[in-house]
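The chain contents come next:
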Amino acid sequence: QPDRFKRIWQTLAPLGIGILGFLVLPFRIDFDAAERAAFPVISANARPIVQALEEFKADNGQYPITISQLVPIYLRQLPYPGILGARAYSYRCPPTRFGGGNDGTPAYELYVQIGIEDVYFYVPDEAKRQRILKSGGFSLESENWIYLNT
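The rules behind the values
Residues numbered from 1 in each chain as written. Predicted model: local features only at pLDDT ≥ 70, side-chain atom pairs only at ≥ 80, totals over all residues. Heavy atoms only, no water. Helix = DSSP H or I, 4+ residues; strand = E, 2+ residues; numbered from the N terminus. Buried < 20%, exposed > 50% of the residue type's maximum accessible area, 1.4 Å probe, protein only. Pairing = 2+ DSSP bridges. Core = buried A, V, L, I, M, F, W, Y, C linked by side-chain atoms within 4.5 Å. Contact = heavy atoms within 4.5 Å.

Draft legend 1. Geometry of unusual backbone geometry. Note that the residue after Val 71, namely Pro 72, is joined by a cis bond; omega there is 5 degrees. With respect to the element layout, Pro 72 can be found in the loop between α2 (31-60) and β1 (90-92).

Draft legend 2. Layout of the pairing of strand β3 (residues 118-122). Among the five residues in β3, five count as buried, and that is most of the element. As judged from the five bridges shared by strand β2 (residues 109-114) and β3, these two strands associate in the antiparallel manner. Each bridged residue has a counterpart across the sheet, and for Gln 113 the counterpart in β3 is Val 119. In textbook terms, the turn of a hairpin is the stretch between consecutive antiparallel strands, and for β2 and β3 this stretch comprises three residues, one of which, Gly 115, has a positive phi near 65 degrees.

Draft legend 3. Inspection of the nonpolar core at higher detail. Formed by 27 residues in total, the largest nonpolar core has its most connected members in Ile 42, Leu 70, Tyr 108, Leu 110 and Trp 145. Of all elements in the fold, only α2, β2, β3 and β5 (145-149) reach the threshold of two or more residues within this core. With nine residues, α2 is the largest single contributor of residues to this core. The residues contacting Trp 145, other than those within four sequence positions of it, are Phe 39, Ile 42, Ser 43, Ala 46, Tyr 89, Leu 110, Tyr 111, Tyr 120, Phe 121, Tyr 122, Arg 129 and Leu 140. Residues Tyr 111, Val 119, Phe 121 and Ile 132 belong to the second largest nonpolar core, which totals eight residues.

Given below as structure tokens:
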């Protein structure tokens with residue numbers, strides 16, 4: 001009998017610890033601080049892309065259709081966002097989410113998705129960024145980037 005209980009305990013104890021960790025861990029992580037800390041990293045790593053997009057437009061009169069058109073002439077390679085769990089920088093031209101171009105703002109969207117729900121958008125125009133923030137859903141802004149937790 002004692003061996004049977006020992007085997008059951010050895011089997012169930014790690015499961016119980018795992019469940020306990022799953023329940024406690026989310027309360028120990030400061031998600032707001034992590035979201036704020038991502039802004040400077042994402043922004044700094046995106047600067048070469050933004051510069052390359054503007055150089056491409058200056059040379060060709062329009063923004064590229066795909067971000068891959070920047071490589072290898074304007075960028076040796078596309079930079080990585082530098083955040084654990086982040087996907088590569090994404091790009092849309094013409095923009096589909098916020099519009100652009102008519103008011104002098106870039107006619108493209110540059111963004112980074114982290115995990116399933118978190119998205120950081122590059123919005124260099126201050127007035128447009130404030131308008132988007134007031135529309136709801138966006139909770140943070142920094143260095144021309146806004147954060148959406150969907």
